[in-house]
Amino acid sequence: MAINPNSTNLVLPHAEPLDSATDADAYFEKFLEDFKKSYEGNYVQDDLDKLRLAYIFAKEKHRGQIRSSGEPYITHPVAVASLLLNLNVDVASLIAAILHDVVEDTNTPIEDINKFFGDTVGSLVDGLTKISKIKFRSNQEKLAENFRKMVIAMAKDLRVVIIKLCDRLHNMSTLDSLPDGKQGRIATETLEIYAPLANRLGLYSLKSQLEDFCLKHLHYETYQLIKTKIASKKAEREAYINEVLSIIRKELKEYGFKEFKVYGRPKHFYSIYKKIIERHLDFEDIHDLFAFRIIVPTVKDCYEALGVVHALWKPMPGRFKDYIAMPKANMYQSLHTTVIRPSGDPCEIQIRTSVMHETCEFGVAAHWAYKEKKDLNGSQSLNHFSWLRQFMEWQSEIKDPNEFLESVKVDLFEEEIFVFTPKGDVIQLPANATALDFAFGVHTELGLKTVGAKINGRLVPIKHGLKNGDIIEIISSKNQKPGKDWLNFVKTSKAKNRIRSYLRSEQREESRNLGQVILETELHAKNLDLETLIKNGKIEILVKTARESNLDDVLVGIGYGKIAVHDLLTKAFPLIFQVIENKPETIEEKISRHSAGTTVKRSSSQKGLLVSGIKGMLVSVAKCCSPLPGEAVQGFITLGRGISVHRQDCPRTFALDPHRKIDVNWVSDENDVSSSHVVTISIVVHERAGVLADVTAAISSVGANIKSAKVSVSPHNEGLLSFEIAVKSKAQLDDVIKKILAVSDVIKASRKNS
Ligand code: MN
């Protein structure tokens, strides 16, 4: 079948209602003629015999059945087969289309279909019968559920869905003869399920026609309005299209294009309707009722043609889309632009190569394009697209149909996935979403407390990626807290926003605590405290001087390092604080002085570290030197991140402000099981089979956990191993290194200092 570059509608062999079985026969003969024309040179007599046999069989089975339109029932399956001719499908699909309602509506056993028409046709008819039994729920919330059902159905064989879509298109075209209530229900279902599905499969003309029928039955007045507007002034309209076409042609020729085609057509009604709704426009404000299309040989030509168009007319900002560089999920490729003509009318222009155009016309159906025909003229261009090639390779290589289906599903639905709660509720997520995204999708509080998940019954970590159809049970703990690293793997903006806002409030809380300690320390030096200031109303002066709105903000500012506490106090209470000091005290000195006079409060943090005099402080171990329990350490007050603890010999500490030093000590119990520390160990070994396993065993033998391992080979053919391991103390680390050195063929092993 030749591709009509301007085709916007699938064509039926007849438009007027038929009223007798004789007419039906003539109708079938017309279909057969069209088939011969479309598949010229690519069919055998056997194909014709089988199609005729299917027709006779179905006509006999449907004998006496009448469509609501009054036509003999058999005209419907023939019409569906006729629509399929436009999509270049294989003969099995055409036969299945003719037989598609036989099992469902005439009590014919599926075994008969298998017996007379073979297993391929049988399984297609079986699939169609099953789809027709699916009850789609038609409110918006259940859309995901409906899609899932469709995915499962198409999982068997995409041809089933393509036939089903043509079945639906024919039913939509004859919807007028049904009662009003039924019309609305069927149209809604079509708009919510079938049209998006056609779009996903790249079947654009099917999609547009389905949508236009939906518009007619759901918003009749708007439909009529658009129709009238486009139909009126027919001559004017054609003159307009011709004028634009001739200008484009002339410019392209002048530029030097030899091979190109240009077409113009009115836009589909539904796309005009959507524009009115989405942009809150009045119908009168819609001027771009027409779309133009330029088809050129190569991708380079596309961009050059775009340049020609943009030089000719001013492009409308924000309306250029490059679907060539960034194809849609269904592999649609084209350049889209809207330009403004001197008359002020916007005008949409699509530019693509003829190969891209072919894909646009046939969509996923190109996969089943009639075999011999493909070899004659299509194979090279079809193979141009990697996805089409993949489709073909999958089908021939993958023996397990489930596996094939798996790949098809992933490819077609790569933008979003549908997963389930244990109760069967559907959650829609972007592709690559993780278990944690799911948890946030269910509820924010759940997300914040998530520690892991069970996917299809198997335990997985929170960053585990989800797949279509997964059933997910979230495991939460009240002790869980979100970490900064969560932001690195969550995909949904909802999860990102919730984690960020949690981290912000947590950081604020820590800064507030630290600020309070620093302020109290300064106040104690003058035998004052916060409580007294609050009691005698002096705190207002402090807040005002700091230009904050309340005490909390002042404390956060101090803790975050934004407010210099001594300057603030000197300004707020000059009489008390303006004392000349010879040498500024370090915070350490201040704190220890303060601690000497009062009860020393010592508390341990999660890391098994003690900070002088400070309760509830955030303490973190510096990444540059990763000190271990038992090693001499030094704390530094950071800006907004609590206290950072370094090894005393860490070179970094020389660069840090000595005024921010603070004493830190390890708690006596070095083997506190709750804390472990990640260090990197570098090992050099002689190449030997099994040496890696021996080293790994040595590390595990002292109870240290391996977090990651890297293996490489040096230029001298020595093996270089790098392990990240979690240890509880310096003593344990020493132990690990001793054990590693004891392994034969180990040359060197040491802790890595960065
Ligand atoms: Mn049907």
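Conventions and cut-offs
Residues numbered from 1 in each chain as written. Predicted model: local features only at pLDDT ≥ 70, side-chain atom pairs only at ≥ 80, totals over all residues. Heavy atoms only, no water. Helix = DSSP H or I, 4+ residues; strand = E, 2+ residues; numbered from the N terminus. Buried < 20%, exposed > 50% of the residue type's maximum accessible area, 1.4 Å probe, protein only. Contact = heavy atoms within 4.5 Å. Areas by Shrake-Rupley, 256 points an atom, 1.4 Å probe, with all protein chains shown as cover. Core = buried A, V, L, I, M, F, W, Y, C linked by side-chain atoms within 4.5 Å. Donors = N, O, S within 2.8 Å, 3.2 Å for Na, K, Ca; no water. Pairing = 2+ DSSP bridges. Axes fitted to C-alpha atoms, helices over the stretch in contact; angles between N-to-C directions. Salt bridge = Lys/Arg side-chain N within 4 Å of Asp/Glu carboxyl O. Parallel < 35°, antiparallel > 145°, perpendicular 65-115°, else oblique. Left-handed = near helix turned anticlockwise from the far one by under 90°. Nonpolar A, V, L, I, M, F, W, Y, C, P; charged D, E, K, R; others polar. pLDDT = per-residue confidence, 0-100. Phe/Tyr/Trp six-rings, centres within 6.5 Å; stacked < 30°, edge-to-face > 60°. Lys NZ or Arg CZ within 6 Å of the ring centre and 35° of its normal. Polar contact = N/O pair within 3.5 Å; in protein donor to acceptor, adjacent residues only side chain to side chain.

Caption draft 1: Region of interest: the overall build of the protein chain. A tally of helices and strands in the protein chain yields 30 helices and 21 strands. Within the protein chain, the proportion of its 754 residues that are buried is 49%. Contacts spanning at least 24 positions in sequence make up 65% of the contacts within the protein chain whose residues lie at least 6 apart. Working note: accessible area of the protein chain is about 37,600 Å², and carbon and sulfur atoms make up 51% of it.

Caption draft 2: Representation of the nonpolar core in the model. Counting 64 residues, the largest nonpolar core has Phe 31, Leu 51, Leu 84, Leu 99, Ile 113, Val 121 and Leu 165 as its most contacted members. Looking at which element gives the most residues to this core, the answer is helix H8 (residues 158–173), with nine residues. Excluding anything up to four places from it in sequence, Leu 165 contacts Tyr 194, Ala 198, Leu 201, Leu 203, Leu 206 and Leu 210. In terms of nonpolar packing, the next biggest core, distinct from the first, is built from 38 residues, Ile 226, Ile 248, Tyr 273 and Trp 313 among them.

Caption draft 3: Fine view of the coordination of the manganese ion. With distances of 2.2 to 2.4 Å, the protein atoms coordinating the manganese ion are His 76 (NE2), His 100 (NE2), Asp 101 (OD) and Asp 167 (OD). Here the donor residues of the manganese ion are spaced in sequence according to H-x23-H-D-x65-D. Of this pair, His 76 sits in helix H3 (residues 75–85) while His 100 is found in the loop between helix H4 (91–98) and helix H5 (102–106), placing the two residues 24 residues apart along the sequence. Of the residues examined, His 100 reaches a relative accessible area of 3% and is grouped as buried.

Caption draft 4: Layout of the sheet that holds strand S18 (residues 677–686). Read from one edge to the other, the open sheet built from four strands follows the order S19-S20-S18-S21, with strand pairing classed as antiparallel. Here the strands that pair on one side only, and so sit at the sheet edges, are strand S19 (705–713) and strand S21 (746–751). With direction set aside, neighbouring strand axes in the sheet form an average angle of 15°. Across eight bridges, the pairing between S19 and strand S20 (residues 718–727) is antiparallel.

Caption draft 5: View of the environment of Ile 637. Mapped onto the fold, Ile 637 is located in strand S14 (residues 633–637). For the pair Ile 637 and Gly 559, spaced 78 residues apart in the sequence, the C-alpha separation amounts to 9.1 Å.

Caption draft 6: Just the pattern of salt bridges, in detail. Under the counting rule described, the total for this entry stands at 21 salt bridges. Salt-bridge contacts for Lys 300 lead to Glu 304; the nearest nitrogen and oxygen are separated by 3.2 Å. With Lys 300 and Glu 304 both in helix H14 (residues 299–312), this residue pair falls four residues apart, about one helical turn. The exposed category is assigned to Lys 300, whose relative accessible area is 59%. Linking Arg 751 and Glu 631 is a salt bridge whose minimum nitrogen-to-oxygen distance equals 3.2 Å. Taken together, the residues Arg 751 in strand S21 and Glu 631 in the loop between strand S13 (619–621) and S14 connect sequence positions 120 residues apart.

Caption draft 7: Fine view of the pairing of S14. In terms of burial, S14 is largely enclosed, as five of its five residues are buried. Neither face of S14 is left uncovered, since the one carrying Val 633, Gly 635 and Ile 637 and the one carrying Gln 634 and Phe 636 both have all their residues buried. Pairing between S14 and strand S15 (residues 643–647): five bridges, direction antiparallel. Its bridge partner lying in S15, Ile 637 is registered against Ile 643. Taken together, the two bridges between S14 and strand S16 (residues 661–662) define a ladder with antiparallel strand orientation. Residue pairing across strands places Gly 635 opposite Ile 662, the latter belonging to S16.

Caption draft 8: Local environment of the packing of H3 against H4. Look at H3 against H4: their axes get within 7 Å of each other, and the N-to-C directions meet at 155°. With respect to their mutual orientation, H3 and H4 come out roughly antiparallel. The two elements H3 and H4 cross, and the hand of that crossing is right-handed. Only Ser 93, Leu 94, Ala 97 and Ile 98 of H4 make contact with H3, whose side of the interface consists of Pro 77, Val 80, Ala 81, Leu 84 and Leu 85. Broken down by class, the residue content of the contact of H3 with H4 amounts to eight nonpolar, one polar and no charged.

Caption draft 9: Expanded view of the environment of Gly 703. On the secondary structure map, Gly 703 appears in the loop between helix H29 (691–701) and S19. Each C-alpha atom, one on Gly 703 and one on Val 727, is 8.2 Å from the other, the two residues being 24 residues apart in sequence.

Caption draft 10: Up close: the confidence of the model for the protein chain. The pLDDT averaged across the protein chain works out to 77; a share of 78% of its residues lies at or above 70. Across the protein chain, element-level confidence peaks in H4 with a mean pLDDT of 94 and bottoms out in helix H16 (residues 371–383) with 34. For the stretch residues 1–8, pLDDT sits under 50, and the model shows 26 contacts to residues farther than four places along the chain or on other chains. Here residues 590–607 is modelled with pLDDT under 50, and outside its nearest four sequence neighbours on either side it reaches 36 contacts, counting other chains as well.

Caption draft 11: Just the environment of Val 565, in detail. Following the sequence through the fold, Val 565 ends up in helix H26 (residues 565–572). The exposure class assigned to Val 565 is buried, which follows from its relative accessible area of 11%. The spatial distance from the C-alpha of Val 565 to the C-alpha of Ile 518 is 7.6 Å, given a sequence separation of 47 residues. Once you skip the residues sitting within four places of it in the chain, Val 565 turns out to touch Ile 518, Leu 519, Glu 522 and Ile 558.

Caption draft 12: Structural view of the sheet that holds S16. Ordered in space as S13-S15-S14-S16, the four strands form an open sheet in which the pairing is mixed. Across the chains shown, the open sheet's two edge strands, defined by having one partner strand only, are S13 and S16.

Caption draft 13: The arrangement of the packing of aromatic side chains in detail. Under the criterion given, the structure shown has 12 aromatic pairs. Grouped by ring-pair contacts, the aromatic residues Phe 28, Phe 31 and Tyr 55 constitute a single cluster. The positively charged end of Arg 67 is found above the aromatic ring belonging to Tyr 73, 5.8 Å away from the centroid.

Caption draft 14: Inspection of the side chain of Thr 190 at higher detail. For Thr 190, the location among the structural elements is in helix H9 (residues 180–200). Within the structure, the side chain of Thr 190 is placed 2.7 Å from the backbone oxygen of Ile 186, a separation counted as a polar contact.

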